[in-house]
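Structural overview
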Amino acid sequence: MVTRAHGDESLRFRERGEPMATLCRPAIAVPEHVITMQQTLELARETHHGHPQRDLVLRLIQNTGVQTRHLVQPVEETLKHPGFEVRNQVYEAEAKARVPEVVRQALAHAETEPADIDLIVYVSCTGFMMPSLTAWLINTMGFRPETRQLPIAQLGCAAGGAAINRAHDFCRAYPEANVLIVSCEFCSLCYQPTDIGVGSLLSNGLFGDAVSAAVVRGQGGTGMRLERNGSHLVPDTEDWISYAVRDTGFHFLLDKRVPGTMEMLAPVLQDLVDLHGWSVPDMDFFIVHAGGPRILDDLCHFLKLPPEMFRYSRATLTERGNIASSVVFDALARLFDDGGAAESAQGLIAGFGPGITAEVAVGSWARHDPPADVERDLVRLGLTPSVALSG
């Protein structure tokens, strides 16, 4: 990619010595059970053969472009509903089985260890645990007892962006800190066989399961150097995306107006970029939550960008479906897989979800090795810096 000069506001950030944390390479894992679009369409035809709007639902599912999704259970088990208690037990067991390896990979990508982490942000909207999985991770994976915990449970798909922004805020307050973000989304555990509205049936062909993790380093690291973040709530849209919590668990509610939200949110992205002294047409990469294909199509239209600017988000949608808060990490991992970006390339990350809420961050690409922490290494050897120097 072409490296471009920073805007005046971005330069002022640097001249003032503003802390700029780096979002390092994410780690992603998807379950082994796969369902294809063809299988989804066949199930919809069989299960809802008498539904008056079945043909409309089938067309909507085809239009998502989601070719494959990964499920935490076989399809046969996913379609059963053993009750909310059993489903939540599955959520906890699967989270504990699948999250640790993803965490280890994310720490390795960032060249950090559990003892280096000062805050764990855990995001998930598809199951419930109290204490949060953060407590279990601290107790079982070698994190310090002093590690701060921040579970985010009610921002839905926007939570991936929110986690990045809260990690950025923390590193601005504590410039030498490191933050681990973990996203665990088992959307298939929210399947409700009695929900037969068009929005519910569409979501049955859209959502997938995934686990992801990434480290935000206060100093050092290769990845996206976070420079500014922002949040925006579209007024009076609280009931457009929501959960109804009933005896049978979480029932996903999706208003038909949701696909058109980018007309309201594209200006929010534009404003944050402008505030930072950059220009949307000159930016090098965009990592956004792809709730559906229209989200990406409308961003191209309203921001006047070519479709290839959203190729990583579209690939996530096509191959894994809407994996909720993990979308932004999966799409960012694809940018890394593609060789990353040029030094100082300008980019944007955005998550969209209930509220309607947008969580947005802008920053530039940083390519360098983490600085050697000599004092920490000496302490691990049982030496203090003064002893080492006098020796």
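All values derive from a computational prediction rather than experimental measurement.

Turning our eyes to something else, we now look at the packing of helix α5 (residues 84-109) against helix α6 (residues 133-140). Relative orientation of the contacting elements α5 and α6 amounts to 55°, with a least axis distance of 11 Å. What the angle tells us is that α5 and α6 run oblique. Relative to α6, α5 is oriented so that their crossing is right-handed. Residues Ala 95, Lys 96, Val 99 and Pro 100 of α5 form the contact with α6, whose participating residues are Leu 133, Trp 136 and Leu 137. Within the contact of α5 with α6, the residues separate by chemical class into six nonpolar, no polar and one charged.

As defined by bridge partners, strand β10 (residues 241-246) adjoins strand β11 (residues 249-254) across six bridges and the pair is classed as antiparallel. Along β11, the bridge assignment pairs Ala 244 with His 251. The turn joining β10 and β11, which pair antiparallel and follow one another in sequence, is formed by two residues.

Size it by volume and the largest pocket reaches roughly 970 Å³. What lines the largest pocket is a set of 43 residues, among which Cys 187, Cys 190, Tyr 191, Tyr 243 and Phe 252 lie closest to the centre. The set of elements that each furnish at least two residues to the lining of the largest pocket consists of α2 (37-47), α3 (54-63), β4 (68-71), α4 (75-78), α8 (198-204), β10 and β11. Class assignment of the residues belonging to the lining of the largest pocket gives a composition of 25 nonpolar, 15 polar and three charged.

Our next topic: the pairing of strand β14 (residues 355-366). Of all the twelve residues making up β14, twelve are buried; the element is thus mostly covered by neighbouring parts of the structure. Connecting the antiparallel pair strand β13 (residues 346-353) and β14 is a turn made up of one residue.

Here we take up the side chain of Arg 98. The topology assignment puts Arg 98 in helix α5. The class of Arg 98 is buried, set by a relative accessible area of 18%. A polar contact of 3.1 Å, which involves the side chain of Arg 98, links it to the side chain of Glu 32. Within the local environment of Arg 98, its side chain forms a polar contact with the side chain of Glu 94, the two groups lying 2.8 Å apart.

Moving on: the nonpolar core. Membership of the largest hydrophobic core comes to 40 residues, with the highest contact counts inside it found for Leu 299, Phe 310, Leu 348 and Phe 352. When residues of this core are traced back to their parent elements, those giving at least two are α9 (262-275), β12 (285-288), α10 (293-303), β13 and β14. Residue contributions to this core peak at seven residues, all from α9. Every residue in contact with Leu 348, bar those within four places of it in the chain, is listed here: Met 224, Leu 269, Val 273, Met 283, Phe 285, Phe 286, Ile 287, Val 288, Val 360, Ala 361 and Val 362. By size, the runner-up hydrophobic cluster in this structure holds 33 residues, among which are Leu 23, Val 123, Ile 164 and Leu 226.

Rules used in this analysis
- Residues numbered from 1 in each chain as written.
- Predicted model: local features only at pLDDT ≥ 70, side-chain atom pairs only at ≥ 80, totals over all residues.
- Heavy atoms only, no water.
- Axes fitted to C-alpha atoms, helices over the stretch in contact; angles between N-to-C directions.
- Helix = DSSP H or I, 4+ residues; strand = E, 2+ residues; numbered from the N terminus.
- Parallel < 35°, antiparallel > 145°, perpendicular 65-115°, else oblique.
- Left-handed = near helix turned anticlockwise from the far one by under 90°.
- Contact = heavy atoms within 4.5 Å.
- Nonpolar A, V, L, I, M, F, W, Y, C, P; charged D, E, K, R; others polar.
- Pairing = 2+ DSSP bridges.
- 1 Å grid on protein atoms, 1.4 Å probe; cavity = no way out; pocket = protein on both sides within 12 Å on 5 of 7 lines; lining within 4 Å.
- Points joined across faces, edges and corners; volume = space filled by probe spheres on them.
- Buried < 20%, exposed > 50% of the residue type's maximum accessible area, 1.4 Å probe, protein only.
- Polar contact = N/O pair within 3.5 Å; in protein donor to acceptor, adjacent residues only side chain to side chain.
- Core = buried A, V, L, I, M, F, W, Y, C linked by side-chain atoms within 4.5 Å.

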